[in-house]
Amino acid sequence: MRFQGKISDWNDDKGYGFVEPNGGGERTFIHIKSFKSKTRRPANGDMVIYEVAKDNRQRSNAINVSYPHEQSNSTKRSGSNVSLVWPLLFMSSLLALTLFQRIPVFLLIVYASLSGMTFIAYAIDKHAAQNNHWRTQESTLHLLALLGGWPGALSAQQVLRHKSAKVEFRQVFWVTVFLNLLLLCGLTMTDPGRAILGTVTTEILHLIAPWA
């Protein structure tokens, strides 16, 4: 069980003190070695998150100690890693369906190309924002996502940390993802959709035949 409390009676020369839990209760011994991060020295009044364990003499000791902001950053990193799984999983699924000839190869090419273009568009927009240059319109970024570039957009949001905190933008973005997946299902799982894909594939083959 994890607790949150405030450091008191800290002796920096010896590297130990006590932590008083929020809401009252018995204070707990805390040692510098119990901190996960060594980025800075603890001080009186610092808020910490910790667990409690008993030593050989049955005395309470704080273990696995961290600062609240470190917990927050860890959660954000974890969320970012999870978010990056979705575009990778989606593109891997498209590749597998292509290899098993369940969808035409041009569909995979379209998603891969648009995702690359969208990632670049995010990178350009972030650079423009940092240097007070002309920005890419949000409607353009949403259109690219809607057409099939959303895996690249989601990757850019996490890797570049761009457009990842603006609530309104994210809400519209997820609507474009939903609409795109709905369209994809319609094209690949219904008879009219498969007929359209077949016609488009035939036309593309006719166009590239002279160059083959």
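Because the structure is a prediction, the values reported are computed rather than measured.

Asks: Please explain the overall build of the protein chain as it appears in this structure.
Replies: Helix and strand counts for the protein chain come out as five helices and five strands. Helices (α) and strands (β) of the protein chain occur, in sequence order from the N terminus, as β-β-β-β-β-α-α-α-α-α. Its C-alpha atoms put the protein chain at 80 × 45 × 30 Å along the principal axes. When each of the 212 residues of the protein chain is scored for burial, the buried share is 35%. Restricting to contacts in the protein chain with at least 6 residues of sequence separation, those with at least 24 account for 54%. As displayed, the protein chain has an accessible area near 13,400 Å², and 62% of this comes from carbon and sulfur atoms. Taken together, the 22 basic and 14 acidic charged side chains of the protein chain have centroids lying 3 Å from each other.

Asks: Is there a simple way to think about the side chain of S60 in this case?
Replies: Structurally, S60 is set in strand β5 (residues 60-66). The exposure class of S60 is buried, given its relative accessible area of 16%. Here K54 takes part through its side chain, which lies 3.0 Å from a polar atom of the side chain of S60. Residue contacts for S60: discarding those within four places in its chain leaves T28, F29, V52, A53 and K54.

Asks: How should I be thinking about the pairing of strand β3 (residues 28-31) in this particular structure?
Replies: When a strand is regular, its side chains alternate between the sheet's two faces. Of the two faces of β3, the one lined by T28 and I30 is fully buried and the one lined by F29 and H31 carries no buried residue. Remark: six residues form the turn of the hairpin made by strand β2 (residues 16-21) and β3, two consecutive strands paired antiparallel; G23 in that turn has positive phi of roughly 90 degrees.

Asks: Hey, could you run me through helix α3 (residues 138-159) in this one?
Replies: In an α-helix there are 3.6 residues to a turn, and that puts residues three or four apart on one side. Given a rise of 1.5 Å per residue, 22 residues ought to cover 32 Å, yet the end C-alpha atoms of α3 are separated by just 18 Å, more than 12% below that figure. If you look at α3, its biggest bend is around 125 degrees, right at G149, and the proline P151 turns up within four residues after that. At the exit of α3 stands R161, carrying a positive phi of roughly 55 degrees.

Asks: What is the right way to look at the packing of helix α2 (residues 105-130) against α3 in this model?
Replies: The relative placement of two packed helices is expressed as an angle between their axes plus a distance between the axes. Remark: α2 packs on α3, axes separated minimally by 7 Å, with the N-to-C direction vectors making an angle of 60 degrees. Relative to α3, the element α2 lies oblique. The interaxial crossing formed by α2 with α3 has right-handed handedness. Looking at side-chain class alone, the contact of α2 with α3 contains 13 nonpolar, seven polar and one charged residues.

Asks: Would you take a moment to explain the side chain of H142 for this structure?
Replies: With respect to the helices and strands, the residue H142 is situated in helix α3. What makes H142 buried here is its relative accessible area of 12%. Leave out the neighbours within four places in its chain, and H142 touches F169, V172, F173 and T176.

Asks: Help me understand the packing of aromatic side chains, please; the structure alone is not making it clear to me.
Replies: Centre-to-centre distance and the angle between the planes together describe a pair of aromatic rings. Summed over all chains, the structure comprises nine aromatic pairs. Aromatic side chains W10 and F35 sit 6.4 Å apart centroid to centroid with 85 degrees between the ring planes, which places their arrangement in the edge-to-face category. Of this pair, W10 sits in strand β1 (residues 2-11) while F35 sits in the loop between β3 and β4 (47-54), and the two are 25 residues apart along the sequence. Their ring planes at 65 degrees and their centres at 5.2 Å tell us that F173 and W174 sit as a pair that is edge-to-face. The class for F173 is buried, based on a relative accessible area of 0%. Taken together through their ring pairs, the aromatic side chains of W10, F35 and Y67 make up a single cluster. Sitting over the ring of F169, K163 keeps its end group 5.1 Å from the ring centre.

Asks: Explanation requested: the pairing of β1 in the structure shown.
Replies: Bridging between β1 and β4 involves five bridges; their strand directions are antiparallel. From the neighbouring strand, G5 faces β4, where its bridge partner is V48. With five bridges joining them, β1 and β2 adopt antiparallel strand pairing. Looking at β2, one finds that N11 is bridged to Y16. Between β1 and the antiparallel strand that follows it, β2, lie four residues; G15 among them carries a positive phi value of about 75 degrees.

Cut-off values and rules
- Residues numbered from 1 in each chain as written.
- Predicted model: local features only at pLDDT ≥ 70, side-chain atom pairs only at ≥ 80, totals over all residues.
- Heavy atoms only, no water.
- Helix = DSSP H or I, 4+ residues; strand = E, 2+ residues; numbered from the N terminus.
- Buried < 20%, exposed > 50% of the residue type's maximum accessible area, 1.4 Å probe, protein only.
- Contact = heavy atoms within 4.5 Å.
- Areas by Shrake-Rupley, 256 points an atom, 1.4 Å probe, with all protein chains shown as cover.
- Lys, Arg positive; Asp, Glu negative; His and termini not counted.
- Charge placed at Lys NZ, Arg CZ, Asp CG, Glu CD.
- Polar contact = N/O pair within 3.5 Å; in protein donor to acceptor, adjacent residues only side chain to side chain.
- Pairing = 2+ DSSP bridges.
- Expected span 1.5 Å × (residues − 1).
- Bend = angle between axes of the 7 residues up to and from the residue.
- Axes fitted to C-alpha atoms, helices over the stretch in contact; angles between N-to-C directions.
- Parallel < 35°, antiparallel > 145°, perpendicular 65-115°, else oblique.
- Left-handed = near helix turned anticlockwise from the far one by under 90°.
- Nonpolar A, V, L, I, M, F, W, Y, C, P; charged D, E, K, R; others polar.
- Phe/Tyr/Trp six-rings, centres within 6.5 Å; stacked < 30°, edge-to-face > 60°.
- Lys NZ or Arg CZ within 6 Å of the ring centre and 35° of its normal.

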